[in-house]
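Listed below, chain by chain, are the residues.
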Amino acid sequence: MDPVTDNRAPEPLTEYAQRLAHRVGAFDRRHPLLWDLPFTGFWVTAALIDYTGGGWRHNAHQLDVPGWLLLTLSLGLSVPLLWRRIHPAAVLAAMVPFAVVNAWTGAALQAALLQLVLVYHLALRRPLRDLWWATALVLGPVLLSAVRHGEGTWDQQIGSQLMSITVAALIGVTVRTRRDYTEALEDRARRLETERDQQAQLATAAERARIAREMHDIIGHNLSVITGLADGGRYAAARSPERAAQALDAIATTSRQALTELRRLLDVLREEERQQPDLTPQPGLTDLDQLLDGVRSAGLPVSMTIHGSPSLPPGRQLTVYRVIQEALTNTLKHGGPDATAQIELFYEEKAAVTVTITDTGNHSDADGTSRNGRGLPGMRDRTALYGGTLEAGPRLHPEQGWRVRLRLPEESPQ
């Protein structure tokens, strides 16, 4: 099985051990004295037992060491362990004078070996270069004892102590490496979780923006068409009841079309029903004729000229459709009763396309609408998805009206 894709959950016992170790470590960091006091008390007691019980005599080079000095050395080599985790370097430096006196007098107390605990904590918490001077400090008293008392060969005494220092340092480095690795994994997990949340927020914001654009295009266009039909039907009601009935039929058709598109869009937001989603495709180039018929029925004459043969993917078709829809909707809203519109479509190779929509309307309030509404920003957002450009503004004098030009470049190869 590929270890990269093996996502099996940890065994219950392993997971329990990990949780227990994490809780113990957290408790120890919050209350260090609850562990440091018993640890130090144990070694202080051991050192005093070695002194009071006479066990030190088995290793001593001189047996006539005063009792008060033995007691002082025992306490000086054990009590400082209480601060070993906070200031390991300072504690080791404080123990060295006692170790030197211990070696000089020939007492050879076993408590001197507690310096190895400081070597371990230096390897665990301090830069590894500190181990060089720590090794020198610990080996110094051993060398002094070998020179002064001369029992045993030098390589035995120095080699044995050096081996003990190496073992203590290796244990500290191993624990430190494991701790750093665990912290790195936890930090990576936190960063991945944060990145996942950020990606989810970005995706939510993008989806909201997309839905807002679709809602604007659907509601804005269809309501503009319905408003135009209603105004025309009101004027025709007195003179031509048949024209008024046609306007009402067109209003009903447009309303049903708008409701259908809205239901299709809002079904995406319904999370409580896990049913087969509506797979009806989004509008494309084949729906342009229906769009233009609706606009014409609302009272806006529209003509369309097509150059080339369309070969656009669905996403680009939707962009072209929505830009044309938005441009005609703005003409219906702001162009005035005598406005006309013209569309020119230029299809090129590799899904490139240029669309120009011009009208002859007045557009007296179009500037304010462009600044405050969602129409132009929505069109620009759609265009930016395909690296295109969108130009919208009044036509050059002396021509009257508004011009929208969409340019989508060639599709990049995947």
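Right above here is the structure, for reference.
Attention in this report is confined to the structure presented alongside it. (Residues numbered from 1 in each chain as written. Predicted model: local features only at pLDDT ≥ 70, side-chain atom pairs only at ≥ 80, totals over all residues. Heavy atoms only, no water.)

Before going further, it helps to spend a moment on the overall build of the protein chain. Per the secondary structure count, the protein chain includes twelve helices and five strands. Counting across all 414 residues of the protein chain, residues that qualify as buried make up 37%. Counted over contacts in the protein chain with a minimum sequence separation of 6, partners at least 24 positions apart contribute 71%. Summed over all atoms, the accessible surface of the protein chain reaches about 25100 Å², with 58% contributed by carbon and sulfur. (Helix = DSSP H or I, 4+ residues; strand = E, 2+ residues; numbered from the N terminus. Buried < 20%, exposed > 50% of the residue type's maximum accessible area, 1.4 Å probe, protein only. Contact = heavy atoms within 4.5 Å. Areas by Shrake-Rupley, 256 points an atom, 1.4 Å probe, with all protein chains shown as cover.)

What follows is about the pattern of salt bridges. For the coordinates displayed, the defined rule picks out twelve salt bridges. One salt bridge in this structure joins Glu193 and Arg196, with 3.9 Å as the shortest N-O distance. Note that Glu193 and Arg196 are positioned in helix H7 (residues 154–239) at a spacing of three residues, about one turn of the helix. Here Glu193 falls in the partly exposed class, since its relative accessible area comes to 43%. Among the salt bridges present, the one from Glu391 reaches Arg403, with a minimum N-O distance of 3.7 Å. With Glu391 in strand E4 (residues 389–394) and Arg403 in strand E5 (residues 402–408), the pair connects residues that are twelve residues apart, well separated along the chain. (Salt bridge = Lys/Arg side-chain N within 4 Å of Asp/Glu carboxyl O.)

What follows covers the packing of aromatic side chains. By the definition in use, this model includes three aromatic pairs. With a centroid separation of 5.8 Å and an interplanar angle of 40°, the aromatic rings of Trp35 and Phe39 are classed as tilted. Residue Trp35 and its partner Phe39 are located together in helix H2 (residues 33–52), separated by four residues, close to a single helical turn. Judged by relative accessible area, Phe39 falls into the buried class, the value being 19%. Across from the ring centre of Trp104, 3.9 Å away, lies the NZ or CZ of Arg148, which sits over that ring. (Phe/Tyr/Trp six-rings, centres within 6.5 Å; stacked < 30°, edge-to-face > 60°. Lys NZ or Arg CZ within 6 Å of the ring centre and 35° of its normal.)

Looking now at the environment of Gln156. Inspection of the secondary structure puts Gln156 in helix H7. The sequence separation of Gln156 and Ala146 amounts to ten residues, and the corresponding C-alpha distance is 10.0 Å.

Remark: helix H3 (residues 67–76) packs on helix H4 (residues 88–105), axes separated minimally by 9 Å, with the N-to-C direction vectors making an angle of 140°. Put simply, H3 runs oblique to H4. Here H3 and H4 pass one another in a crossing that is left-handed. Across the interface between the two elements, Leu69, Thr72, Leu73 and Gly76 of H3 pack against Met95, Phe98, Val101, Asn102 and Thr105 of H4. Grouping the constituent residues of the contact of H3 with H4 by class yields five nonpolar, four polar and no charged. (Axes fitted to C-alpha atoms, helices over the stretch in contact; angles between N-to-C directions. Parallel < 35°, antiparallel > 145°, perpendicular 65-115°, else oblique. Left-handed = near helix turned anticlockwise from the far one by under 90°. Nonpolar A, V, L, I, M, F, W, Y, C, P; charged D, E, K, R; others polar.)

Below, the discussion takes up the pairing of E5. Only one face of E5 is covered, namely the face carrying Trp402, Val404, Leu406 and Leu408; the face carrying Arg403, Arg405 and Arg407 is uncovered. The pairing of strand E3 (residues 353–359) with E5 spans six bridges and is antiparallel. Paired with Thr356 across the two strands is Arg405, which belongs to E5. Alignment of E4 against E5, held across six bridges, turns out to be antiparallel. Across the sheet, the residue bridging to Glu391 is Arg405, located in E5. (Pairing = 2+ DSSP bridges.)

The next point concerns the environment of Gly106. Tracing the backbone through its elements, the reader meets Gly106 in the loop between H4 and helix H5 (115–125). Classification of Gly106 as buried rests on a relative accessible area of 0%. Once the C-alpha coordinates of Gly106 and Asn59 are considered, the two residues, 47 residues apart in sequence, prove to be 9.0 Å apart.

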